[in-house]
Amino acid sequence: MVKAYFLSSNQPVSLPELASFGVTHRKLDPTNYEESLSKIEQQEGFGHRSEVTCSRENFGEKYDSFMTKFFEEHLHEFPEIRFIMDGTGFFDVRDKSDEWIRVEVSAGDLIVLPAGMYHRFNLDDKEYLKAMRLFVKETEPVWVPCNRDEAETDKLPSRVQYVKSLESNGEN
């Protein structure tokens, strides 16, 4: 089971609470996931895959710059969909009140962050995570971060739509 909690207080956050602002999670068998993942891809409209290994060994001398980039608060114009194949890490996401919630991920976790949601990623002290990146069918695989400190980020269509979705759900 995924563990999520407020960074400021360590107060637990439930999966339904995460879902209330767009974060979804499923647990798959990390050693036998292909059939389950294929069904989810068909149901959700995911169409492209690639794998990434986040580790000192894999990133080499660029490890620190990659991890700094991943930890910078940002959003994407498309959902961020990750299936954790091995290792452990953290997605920090902003709730409806702009508070950080840490979502600990490990092998078998499939997490979806909605387009327009501010978040960041980091590894734990083991400094290793292997993930499958999944992308929606309608687009070519794109992983472009839009950093929060950039003046125009809050005006991006994905951000505007995400904020409206929170408002329509009575979330803020």
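Preceding this paragraph is the structure being described.
The model shown is predicted, which means the values in this text are computed figures rather than measured ones.

### What to know about the environment of Tyr118
If you trace the backbone, Tyr118 turns up in the loop between strand E7 (109-113) and strand E8 (119-123). Sequence separation between Tyr118 and Asp92 is 26 residues, and the spatial gap between their C-alpha atoms is 8.6 Å. Discounting chain neighbours no more than four positions away, the residues touching Tyr118 are Glu73, His74, Leu75, Asp92, Val93, Arg94, Arg148, Thr153, Asp154 and Arg159. Of note is the side chain of Tyr118, whose polar atom sits 2.5 Å from the side chain of Asp154.

### Thoughts on helix H2 (residues 34-44)
When we look at burial in H2, the residues that qualify are Leu37, Ile40 and Glu41. Taken end-on, H2 shows its buried residues confined to a sector of 105°, consistent with a single buried face. Facing away from the buried side of H2 by over 90 degrees, the exposed positions are Glu35, Gln42 and Gln43. In this structure, the buried residues of H2 make contact with strand E2 (24-27), strand E3 (46-55), strand E5 (80-94), E7 and strand E9 (128-136). Once H2 ends, the next one or two residues include Gly45, with phi positive near 80°.

### Examining the pattern of salt bridges
Following the criterion strictly, the structure yields 18 salt bridges and no others. When the shortest N-O distance is used, the salt bridge between Asp109 and Lys27 registers 3.1 Å. Here the residue Asp109 occupies a position in strand E7, and Lys27 occupies one in strand E2, the gap between them amounting to 82 residues. As a salt-bridge pair, Lys155 and Glu152 come within 3.9 Å of each other at their nearest N and O atoms. Three or more residues are tied together by salt bridges with common partners; here these are Glu73, Arg94, Asp98 and Arg148.

### Some points on the packing of aromatic side chains
Applying the stated rule across the entire model yields six aromatic pairs. Taking the centre distance of 5.0 Å and the plane angle of 50° together, the rings of Phe91 and Phe121 count as tilted. Of this pair, Phe91 sits in strand E5 while Phe121 sits in strand E8, and the two are 30 residues apart along the sequence. In this pair, the class of Phe91 matches that of Phe121, namely buried. Among the aromatic residues, those joined into a ring-pair cluster are Phe59, Phe66, Phe70, Phe91 and Phe121. Residue placement shows Arg102 over the ring face of Phe90; its charged tip is 4.3 Å from the ring centre.

### Quick look at the environment of Ala19
Tracing the sequence through the fold places Ala19 in helix H1 (residues 15-19). Separated by 14 residues in the primary sequence, Ala19 and Tyr33 place their C-alpha atoms 23 Å from one another.

### Observations regarding the layout of surface pockets
Where empty space is left in the structure can be found by rolling a water-sized probe over the atoms. Computed from the structure, the largest pocket encloses a volume of approximately 230 Å³. Taken together, 14 residues make up the lining of the largest pocket; nearest its centre are Val52, Cys54, Phe70, Arg82 and Trp143. In terms of residue class, the lining of the largest pocket is made up of 10 nonpolar, one polar and three charged. Residue assignment for the lining of the second largest pocket shows that the elements contributing at least two residues are E2 and E7. The greatest single-element share of the lining of the second largest pocket, amounting to three residues, is contributed by E2. Its residues assigned to classes, the lining of the second largest pocket shows six nonpolar, three polar and two charged.

What counts as what
- Residues numbered from 1 in each chain as written.
- Predicted model: local features only at pLDDT ≥ 70, side-chain atom pairs only at ≥ 80, totals over all residues.
- Heavy atoms only, no water.
- Helix = DSSP H or I, 4+ residues; strand = E, 2+ residues; numbered from the N terminus.
- Contact = heavy atoms within 4.5 Å.
- Polar contact = N/O pair within 3.5 Å; in protein donor to acceptor, adjacent residues only side chain to side chain.
- Buried < 20%, exposed > 50% of the residue type's maximum accessible area, 1.4 Å probe, protein only.
- Arc of directions from axis to C-beta.
- Salt bridge = Lys/Arg side-chain N within 4 Å of Asp/Glu carboxyl O.
- Phe/Tyr/Trp six-rings, centres within 6.5 Å; stacked < 30°, edge-to-face > 60°.
- Lys NZ or Arg CZ within 6 Å of the ring centre and 35° of its normal.
- 1 Å grid on protein atoms, 1.4 Å probe; cavity = no way out; pocket = protein on both sides within 12 Å on 5 of 7 lines; lining within 4 Å.
- Points joined across faces, edges and corners; volume = space filled by probe spheres on them.
- Nonpolar A, V, L, I, M, F, W, Y, C, P; charged D, E, K, R; others polar.

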